[in-house]
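# Observations on the model geometry
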Amino acid sequence: MITRGDVDGVLFFRDPLSAHPHDDDIKALMRVCDVHCIPTATNPATGRAVLEYLKSLAASRGRDIRQGEKTEKVVERRRSKTDSAIVQKYKNDQAIVVDKVAAGGK
């Protein structure tokens, strides 16, 4: 969902003082969020900040939609930025994988 642009923020609280058997999965989630510039909260303080961001984003989208602009265009405009060549290659490779999975692995 993150790679398709369907996620605007992530709240993933974890216990920083305990070992996690799924630590690699947590790191992978954080990496995907970083690559796609998704605000990510891992504790209550950052959670409040991400929730405030999502609240302002929802208000902004509401205004744009009331003015007749399509949601997809609003999201794309917000996310448009210049990626480094490495990040762009990563995103292109991920898009290929997502398309293959969506097509049933063909």
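Before any of the text, the structure's been laid out above.
Residues numbered from 1 in each chain as written. Predicted model: local features only at pLDDT ≥ 70, side-chain atom pairs only at ≥ 80, totals over all residues. Heavy atoms only, no water.

## Here's the deal with the overall build of the protein
- Per the secondary structure count, the protein includes four helices and two strands.
- Sequence-ordered secondary structure for the protein, helices as α and strands as β, is β-α-β-α-α-α.
- Buried positions account for 21% of the 106 residues belonging to the protein.
- Taking contacts inside the protein between residues at least 6 apart in sequence as the whole, the part at least 24 apart equals 64%.
- Of the roughly 7700 Å² of accessible surface on the protein, a fraction of 58% belongs to carbon and sulfur atoms. (Helix = DSSP H or I, 4+ residues; strand = E, 2+ residues; numbered from the N terminus. Buried < 20%, exposed > 50% of the residue type's maximum accessible area, 1.4 Å probe, protein only. Contact = heavy atoms within 4.5 Å. Areas by Shrake-Rupley, 256 points an atom, 1.4 Å probe, with all protein chains shown as cover.)

## Quick notes on a nonpolar patch on the surface
- Taken together, the side chains of Leu 11, Phe 13 and Leu 51 present a nonpolar region at the surface, about 300 Å² in accessible area.
- Mapping Leu 11 onto the fold places it in strand 1 (residues 10–11). (Patch = residues over 30% accessible without salt bridge, like charges linked within 9 Å, V, L, I, M, F, W, Y side chains within 5 Å. Salt bridge = Lys/Arg side-chain N within 4 Å of Asp/Glu carboxyl O.)

## Digging into helix 1 (residues 23–35)
- Given a rise of 1.5 Å per residue, 13 residues ought to cover 18 Å, and the 18 Å separating the end C-alpha atoms of helix 1 matches this to within 8%.
- For helix 1, the full list of buried residues reads Ile 26, Met 30, Val 32, Cys 33 and Val 35.
- Elements in contact with the buried residues of helix 1: strand 1, strand 2 (40–41) and helix 4 (85–102).
- Cys 37 sits one or two residues past helix 1 and shows a positive phi near 55°. (Expected span 1.5 Å × (residues − 1).)

## A few points about the pattern of salt bridges
- As enumerated under the stated definition, the model contains two salt bridges in all.
- We note a salt bridge from Asp 23 to Lys 27, for which the minimum N-O separation is 3.4 Å. Residue Asp 23 and its partner Lys 27 are both found in helix 1; the two are separated by four residues, about one turn of the helix.
- Relative accessible area serves as the criterion here: at 28%, Asp 23 is assigned to the partly exposed category.
- With a closest N to O distance of 2.8 Å, Lys 89 and Asp 93 form a salt bridge. Within this pair, Lys 89 and its partner Asp 93 are both found in helix 4, separated by four residues, close to a single helical turn.
- Exposure remark for Lys 89: the relative accessible area of 51% places this residue in the exposed category.

## Quick notes on helix 2 (residues 44–66)
- Between its first and last C-alpha, helix 2 extends 33 Å over 23 residues, near the 33 Å set by a 1.5 Å rise per residue.
- Within helix 2, burial applies to Gly 47, Val 50, Leu 57, Arg 61, Gly 62 and Asp 64.
- If you check the start of helix 2, you find a side-chain oxygen 3.0 Å away from the backbone N of Ala 45, and it comes from Asn 43.
- Downstream of helix 2 by a residue or two, Gly 68 has a phi angle that is positive, lying close to 95°. (Polar contact = N/O pair within 3.5 Å; in protein donor to acceptor, adjacent residues only side chain to side chain.)

## What to know about the environment of Arg 14
- When you line up the elements, Arg 14 lands in the loop between strand 1 and helix 1.
- Separated by 12 residues in sequence, Arg 14 and Ile 26 have C-alpha atoms that sit 9.2 Å apart.
- If we skip the residues at most four places from it in the chain, Arg 14 touches His 20, Ile 26 and Thr 42.

Bear in mind that shape data such as this cannot, by itself, settle questions of function.
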